[in-house]
Amino acid sequence: MSTHPTELLSQLTQDLWTDRHLVELLLFKLVEAQLLLAADETRFVPSALSEVEAVMERIRDVEAERTSTVVELATEWAVPEDSLTLNEIVRRAPEPHASLLDEHRAAFRRLTDEIEQVTRENRRLATDATGRVKALLEGFVGATATYDAAGRSADGFHRPMSLDEVI
């Protein structure tokens, strides 16, 4: 039994609303992780990243549903499914579907830009935190770097004094 293209476009719009909500939730979770990193609350970062992964899994599920709808739409329009991008669907769809789908396309572009920006900042913060942890551990267990006569390592850290030097 064939589904009418308007029904498929309505289903696709609904799938995109769900996907968009999840991508916004993903952005929220990434910002949450960023705030934890910025506050140096690294003990909570694994939990935040676990939540990010859970959202990613939900996004993959919704994407599978959306792909199924697009395959049905491609069959209905008698076009190859790999040629049926969101741009092409917007071009072919009647109103009000074309406008709704175009709005989703623009929103996904904005969200993608924001996610990329937050991800870059999270990497930078995580790298900074890793450097601080490494310096702290070197202070406790002894440095792994080579020091000059002034007690400076190649990365500029001062070598902690040993107990022998203090006594």
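Before any of the text, the structure's been laid out above.
Residues numbered from 1 in each chain as written. Predicted model: local features only at pLDDT ≥ 70, side-chain atom pairs only at ≥ 80, totals over all residues. Heavy atoms only, no water.

Undergrad: Please clarify how a negative patch on the surface should be interpreted in this entry.
TA: On the surface, a cluster of negative charge is made up of E24, D113, E114 and E116. Sorting elements by how many residues they give to the negative patch places helix α4 (residues 97–141) first, with three residues. Tracing the backbone through its elements, the reader meets D113 in helix α4. (Patch = residues over 30% accessible without salt bridge, like charges linked within 9 Å, V, L, I, M, F, W, Y side chains within 5 Å. Areas by Shrake-Rupley, 256 points an atom, 1.4 Å probe, with all protein chains shown as cover. Salt bridge = Lys/Arg side-chain N within 4 Å of Asp/Glu carboxyl O. Lys, Arg positive; Asp, Glu negative; His and termini not counted. Charge placed at Lys NZ, Arg CZ, Asp CG, Glu CD. Helix = DSSP H or I, 4+ residues; strand = E, 2+ residues; numbered from the N terminus.)

Undergrad: Even after reading the chapter, I still don't get helix α1 (residues 5–38), so can you show me in this structure?
TA: Given 3.6 residues to a turn, an α-helix orients residues that are three or four positions apart in the same direction. With 34 residues, α1 should cover 50 Å at 1.5 Å per step; its first-to-last C-alpha distance of 48 Å lies within 8% of that length. Looking one or two places after α1, you find D40, whose phi comes out positive at around 60°. (Expected span 1.5 Å × (residues − 1).)

Undergrad: What should I look at first to understand the nonpolar core in this one?
TA: It is characteristic of soluble globular proteins that their nonpolar side chains tend to be buried jointly. Of all hydrophobic cores here, the largest spans 28 residues; its most connected members are L9, L26, L73, W77, L84, I89 and L101. Of all the secondary-structure elements, those providing two or more residues to this core are α1, α2 (45–77), α3 (86–92) and α4. For this core, the element with the most residues is α1, which contributes nine residues. Those residues in contact with W77, other than ones at most four positions away along the chain, are P5, L9, L84, I89, R92 and A93. By size, the runner-up hydrophobic cluster in this structure holds six residues, among which are A33, L36, V45 and L125. (Core = buried A, V, L, I, M, F, W, Y, C linked by side-chain atoms within 4.5 Å. Buried < 20%, exposed > 50% of the residue type's maximum accessible area, 1.4 Å probe, protein only. Contact = heavy atoms within 4.5 Å.)

Undergrad: Looking at this structure, I do not really get the pattern of salt bridges. What am I missing?
TA: For side chains of opposite charge, pairing can occur when their charged atoms come near one another. The full count for this structure, using the stated rule, is 12 salt bridges. Here E32 and K29 are joined by a salt bridge, their closest N and O atoms 3.5 Å apart. You can see E32 and its partner K29 sitting in helix α1, three residues apart, about one turn around the helix. Here E88 and R91 are joined by a salt bridge, their closest N and O atoms 2.5 Å apart. Taken together, the residues E88 and R91, both in helix α3 and three residues apart, mark about one turn of the helix. Relative accessible area serves as the criterion here: at 18%, E88 is assigned to the buried category. You can call R91 exposed: its relative accessible area is 60%. Residues participating in the shared-partner salt-bridge network are K29, E32 and E51.

Undergrad: I'm lost on α2 in this one. Help?
TA: Helix length check: α2 (33 residues) gives 47 Å between terminal C-alpha atoms against 48 Å at 1.5 Å per residue, within 8%. For α2, the set of buried residues is V45, A48, V52, V55, I59, V62, R66, T69, V70, L73, A74 and W77. Taken together, the buried residues of α2 touch α1 and α3. Among the residues trailing α2, A78 stands out with phi positive, at a value near 60°.

Undergrad: Would you mind going over the layout of surface pockets with me for this structure?
TA: Unoccupied space between atoms shows up once a probe the size of one water molecule is rolled over them. If you add up the space inside the largest pocket, you get close to 150 Å³. For the lining of the largest pocket, the secondary structure elements donating two or more residues are α1, α2 and α3. Along the lines of polarity and charge, the residues of the lining of the largest pocket split into seven nonpolar, two polar and two charged. (1 Å grid on protein atoms, 1.4 Å probe; cavity = no way out; pocket = protein on both sides within 12 Å on 5 of 7 lines; lining within 4 Å. Points joined across faces, edges and corners; volume = space filled by probe spheres on them. Nonpolar A, V, L, I, M, F, W, Y, C, P; charged D, E, K, R; others polar.)

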